[in-house]
Amino acid sequence: MSGEGEVQEVQGVQDALEVVDVPEEWKVVSSTEHFRGRVITAVTDAVVMPDGEIVNRDYVIHLGSVAVVALDDRGRVLLIRQYRHPVRRLLWELPAGLRDVEGETLQAGAARELAEEAGYRAGTWHTLVDAFTSPGMSDERTRIFLARDVSPIPEGELAFVHRHEEADMPVAWIPLSDAVRRAMAGMIHNSQAVAGILAAYAASADGFASLRPADAPEA
């Protein structure tokens, strides 16, 4: 049975660790590409473990993405609904898209997606949260922005043509607190939406004063 001294020592070790993600790369002795598409590439790497054992790790190389939590002056968040074939569901999501335009900044990409998918523009932008969407199987990283001072774009200025899954994407404005409730109740599943909604709610505690600027570098 552990004594109080041992418990305090273990706690001290834990407290000494800095809880921040850092770059790290273990040796890869071989890499095999199985599939290459427009958005993803599927590969298997043979990775050397710390004990010297070599094991295979399958994962997907991804272009990366951006997403937008758009809040209006009534504290409502903009959500769109889109069919996602892999999960066979209609999901409520944030306006979002790929990092697939060469030379485009992350904020510009997010503004483009907000305009194309929802028909809105925003006057105030901040970085809300950075995340790896599924680091056990993909290198996809996403930046989720907070956009405020939102206004609709006149129809005559919108040239984007919605096709396929984007042909019928209804837009809904719901109170941020209601979006949090729905995420916590398992009614909203999209990972960007859940992360963005909860992060926006947390950041609202100080009026968003602690958020990073929109052009903050990705670590």
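Residues numbered from 1 in each chain as written. Predicted model: local features only at pLDDT ≥ 70, side-chain atom pairs only at ≥ 80, totals over all residues. Heavy atoms only, no water.

(A) Main features of the sheet that holds strand 8 (residues 120–132). Ordered by their spatial adjacency, five strands build an open sheet running 7-4-9-8-11, and the pairing between neighbours is mixed. The sheet is open, and its two edges are formed by strand 7 (96–98) and strand 11 (212–213), each paired on a single side. Taken strand by strand, helix 2 (residues 106–118) contacts strand 4 (65–70), strand 7, strand 8 and strand 9 (141–152), and its axis lies near 120° from that of strand 8. Most of the contacts of helix 4 (residues 191–203) go to strand 4, to which it runs at about 45°, and overall it touches strand 4, strand 7, strand 8 and strand 9. (Pairing = 2+ DSSP bridges. Helix = DSSP H or I, 4+ residues; strand = E, 2+ residues; numbered from the N terminus. Contact = heavy atoms within 4.5 Å. Axes fitted to C-alpha atoms, helices over the stretch in contact; angles between N-to-C directions.)

(B) Looking closely at the nonpolar core. Residues V69, L71, V77, L94, L128, L146 and I197 are the most contacted members of the largest nonpolar core, which totals 22 residues. It is helix 4 that provides the largest number of residues to this core, a total of five residues. The contact partners of L128, leaving out residues within four places of it in the chain, are V69, I144, F145, L146, G196, A199, A200, A203, L211 and R212. V68, W125, A147 and A214 belong to the second-largest nonpolar core, a separate cluster that totals 17 residues. (Core = buried A, V, L, I, M, F, W, Y, C linked by side-chain atoms within 4.5 Å. Buried < 20%, exposed > 50% of the residue type's maximum accessible area, 1.4 Å probe, protein only.)

(C) How the structure looks around unusual backbone geometry. Of note, the phi angle at R88 is positive, near 55°, even though the residue is not glycine. With respect to the helices, strands and loops of the structure, R88 is situated in the loop between strand 5 (76–84) and strand 6 (89–93). Phi angles above zero are rare outside glycine, and D149 is one such case at about 55°. Structurally, D149 can be placed in strand 9.

(D) Just the packing of aromatic side chains, in detail. Under the defined criterion, the tally for this structure stands at two aromatic pairs. Ring geometry for Y120 versus W173: centroids 5.3 Å apart, planes at 75°, classification edge-to-face. Taken as a pair, Y120 in strand 8 and W173 in strand 10 (residues 171–175) lie far apart in primary sequence, 53 residues in all. Taking the centre distance of 6.0 Å and the plane angle of 80° together, the rings of W125 and F145 count as edge-to-face. Within this pair, whereas W125 is found in strand 8, its partner F145 is found in strand 9, the two being separated by 20 residues in sequence. Using a relative accessible area of 12% as the deciding quantity, one classes W125 as buried. (Phe/Tyr/Trp six-rings, centres within 6.5 Å; stacked < 30°, edge-to-face > 60°.)

(E) Fine view of the pattern of salt bridges. In the structure shown here, the tally under the stated rule is 14 salt bridges. Measuring nitrogen to oxygen at the nearest pair gives 3.8 Å for the salt bridge that ties D100 to R38. With D100 in the loop between strand 7 and helix 2 and R38 in the loop between strand 1 (28–36) and strand 2 (40–48), the pair connects residues that are 62 residues apart, well separated along the chain. Its salt-bridge partner being D130, residue R143 comes within 2.7 Å of it at the nearest N-O pair. Placement of R143 in strand 9 and of D130 in strand 8 is noted, with a sequence separation of 13 residues between them. Of the residues examined, D130 reaches a relative accessible area of 24% and is grouped as partly exposed. Here the residues in one salt-bridge network are R38, D100, E104, R112, E113 and E116, joined through shared partners. (Salt bridge = Lys/Arg side-chain N within 4 Å of Asp/Glu carboxyl O.)

No statement about biological role is implied by the geometric values presented.
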